[in-house]
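# Coordinate analysis (summary)
These are the residues of each chain, in order.
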Amino acid sequence: MAETQSFLAFDLGAESGRGVLGRFDGEKIALEELHRFPNGGVRVLDSLHWDVLGLWSEMKNALSLCALRKEELNGLGVDTWGVDFALIGVDDSLLGLPYHYRDSRTDGMLDKAFDRLSREKIFAHSGAQFMQINTLYQLLSMVIRESPLLKIADTLLMLPDLFNLWLTGRVVCEFTNATTTQFYNPRQKCWSREICEAFDIPYHLLPEVVQPGTHIGTLLPTVSDDTGLGEIPVIAPGSHDTASAVAAVPAQSENWAYISSGTWSLMGIEIPKPIISDQVLRLNFTNEGGVAGTIRFLKNVMGLWLLQEFRRTWARSGREMSYDQLIQLAVAAPPFTSLIEPDDEKFLSAGDMPSRIIEYCKRTGQTPPRDEGEIVRCILESLALKYRWVAEKLSLVSGSPIDVIHIVGGGAKNRLLCQFAANAAGVPVVAGPTEATAVGNIMVQAISTGLIDSISDARAVIRRSFELENYEPEDSEQWDSAYERFLAITGLS
């Protein structure tokens, strides 16, 4: 048996971050969560920011734990969410606290953007989905407000690239996260000068783009001194967390779709080159970078944010409930009492989610949910029906059927949602691995170091290493009827 090799994945999500150890023995990979720490937006005056210094401190704590345990790391990699960024000065100093994508500064920015460049031209140059949270509109808000930071900044780094700078001293931008900005051109494989000029974004801010698997450097001496580790290689995974999650999809057939299920549900297919057409523009789908030269053609769906924010609202009123308790309430609730469009703009920001859902139902002429169980069931059924809509459009655009849906990430543990997804879409659902982002991060590192030959071989390793759950469609007539009602309520077609 081959000697076991160890890798560390830093997987930073909107609610928490983790340092996850992956040990690969040549056949299987085993995970150990070494260190978990909270994350979330920090309100400062009227703005919402990320506490990147706090995250950095926790990451160094994880590295110190590796040193204390005498872990011989063969590599480490960092992945985070997309779209958010930091501005860096000429001396590599951090200029201000990075903003949270849910900050209100992007309200109304889409309309202002189209005054500068048409929707059609932005899409032709980026192939990216229009969402007000995108980096492009965050930067536009700074341009309009004449932010002094843009005038003194030397470099723009996406958040995983910021941490790579602090780990290694090297300034680069990893490909998969670059494609979430909406000013990277995936066909020309470079930053879009046309978009930057139209939006007055200084082009000199944009660094070299590197592919997943790139050896960025080794730990800086200061980091080694602080943590007790030596010259550990820092390797770029798919630094956008969804890119790493999709790398961990244990697919075997050709016609499969994925849902990376967490705060967001990112549903799509893996393709060799971007699809940029009028049809894709109308559907507002996106082309984002994947690992091994692929494109993640997908749709962002609001996801379990709806449930997370519902739970937080009730907790603030003194009614703390676990996710398991909420799911049990949903199981007991009657089906299809009410339905929502998960991506309605009213659901984007933090706040009283139950009241917003009730208001949506009243606005659309429905009987609103009466209690917690009916609200949770409304959320889960509506998500599943939105998945069906996305699956139909993926098949339409690609010209290929979808025979199976793989749900990976934390949402794979939500058995009710997985069953609803199979019921709604009418195809089998395979759930797992739940730690897909960390797994994909580690697999790309293992490929980079030559331990695994390809992404298909990595997926075979994943199938051998993790228990997967299978869900078959049920109650097809009832779900077909609900889908017709969902389309009528939401105005989707």
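Attention in this report is confined to the structure presented alongside it. (Residues numbered from 1 in each chain as written. Predicted model: local features only at pLDDT ≥ 70, side-chain atom pairs only at ≥ 80, totals over all residues. Heavy atoms only, no water.)

### Let's talk about helix α4 (residues 135-144)
Counting buried positions along α4 yields nine of 10 residues, so the element is predominantly enclosed. The complete set of buried residues in α4 reads Thr 135, Leu 136, Tyr 137, Gln 138, Leu 139, Leu 140, Ser 141, Met 142 and Val 143. For α4, the secondary structure elements touched by its buried residues are β7 (85-88), α2 (109-116), α3 (119-126), α5 (148-152), β8 (155-158) and α8 (193-198). Glu 146 sits one or two residues past α4 and shows a positive phi near 55°. (Buried < 20%, exposed > 50% of the residue type's maximum accessible area, 1.4 Å probe, protein only. Helix = DSSP H or I, 4+ residues; strand = E, 2+ residues; numbered from the N terminus. Contact = heavy atoms within 4.5 Å.)

### Let's talk about unusual backbone geometry
Cis geometry marks the peptide bond from Gly 432 to Pro 433, where omega comes out at 0°. Topologically, Pro 433 is positioned in the loop between β20 (429-431) and α17 (436-448). A positive phi is found at Asp 200, a non-glycine position, where the angle reads about 60°. Secondary-structure assignment places Asp 200 in the loop between α8 and β12 (209-210). One non-glycine residue with positive phi stands out, namely Ala 292, at about 55°. Inspection of the secondary structure puts Ala 292 in the loop between β17 (286-289) and β18 (295-301).

### So, the side chain of Ser 192
On the secondary structure map, Ser 192 appears in the loop between β11 (190-191) and α8. A relative accessible area of 1% places Ser 192 in the buried class. Within the local environment of Ser 192, its side chain forms a polar contact with the backbone nitrogen of Ile 195, the two atoms lying 3.2 Å apart. Each residue touching Ser 192, except ones within four places of it in the same chain, is listed here: His 125, Phe 183, Tyr 184, Asn 185 and Tyr 203. (Polar contact = N/O pair within 3.5 Å; in protein donor to acceptor, adjacent residues only side chain to side chain.)

### As for the packing of aromatic side chains
According to the stated counting rule, one finds 17 aromatic pairs in the structure shown. Above the plane of the ring of Tyr 323 lies Arg 311, whose end atom (NZ or CZ) is 4.5 Å from the centre. (Phe/Tyr/Trp six-rings, centres within 6.5 Å; stacked < 30°, edge-to-face > 60°. Lys NZ or Arg CZ within 6 Å of the ring centre and 35° of its normal.)

### Regarding the pattern of salt bridges
For the structure shown, the criterion picks out 26 salt bridges. As a salt-bridge pair, Arg 18 and Asp 11 come within 2.7 Å of each other at their nearest N and O atoms. Pair check on accessibility: Arg 18 and Asp 11 agree, each one buried. Between Glu 341 and Lys 386 there is a salt bridge, with the nearest N and O atoms lying 3.0 Å from each other. Here Glu 341, found in the loop between α13 (323-332) and α14 (353-363), pairs with Lys 386, found in helix α15 (residues 372-398); they are 45 residues apart in sequence, far enough to count as distant. Since its relative accessible area comes to 11%, Glu 341 is described here as buried. On the accessibility criterion, Lys 386 (2% relative accessible area) is buried. If you follow the salt bridges from partner to partner, you end up with Asp 11, Arg 18, Glu 33, Arg 36 and Glu 435 in one network. (Salt bridge = Lys/Arg side-chain N within 4 Å of Asp/Glu carboxyl O.)

### A few points about the side chain of His 100
Among the structural elements, His 100 can be located in the loop between β7 and α2. Overall, the relative accessible area of 7% leaves His 100 in the buried class. Among the polar contacts listed, one links the side chain of His 100 to the backbone nitrogen of Arg 102, at a separation of 2.9 Å. Residues contacting His 100, with those up to four places away along its chain left out, are Gly 41, Leu 48, His 49, Trp 50 and Asp 84.

### Let's talk about the sheet that holds strand β16 (residues 265-271)
The strand order β17-β18-β16-β15-β19-β20-β21 describes an open sheet built from seven strands, whose pairing is mixed. Among the strands making up the open sheet, the edge pair consists of β17 and β21 (469-471). Taking the axes of each pair of neighbouring strands and ignoring which way they run, one obtains an average angle of 30° across the sheet. Here helix α16 (residues 415-425) sits on the sheet and contacts β15 (256-261), β19 (404-408), β20 and β21; the angle it forms with β21, its principal contact strand, is near 40°. (Pairing = 2+ DSSP bridges. Axes fitted to C-alpha atoms, helices over the stretch in contact; angles between N-to-C directions.)

### Overview of a nonpolar patch on the surface
A cluster of nonpolar residues, Val 42, Val 44, Leu 45 and Leu 97, forms a patch on the protein surface that exposes about 370 Å² of accessible area. Within the secondary structure, Leu 45 is located in the loop between β4 (41-44) and β5 (47-50). (Patch = residues over 30% accessible without salt bridge, like charges linked within 9 Å, V, L, I, M, F, W, Y side chains within 5 Å. Areas by Shrake-Rupley, 256 points an atom, 1.4 Å probe, with all protein chains shown as cover.)

### Brief notes about the pairing of strand β3 (residues 29-38)
Of the strand pairs in this sheet, strand β2 (residues 16-24) and β3 are connected by nine bridges, and their pairing is antiparallel. Considered in β3, the bridge of Arg 18 is made with Arg 36. The hairpin turn running from β2 into β3, its antiparallel successor, is four residues long, and Gly 26 in that turn takes a positive phi close to 100°.

These results come straight from atomic positions and should not be treated as a statement about function.
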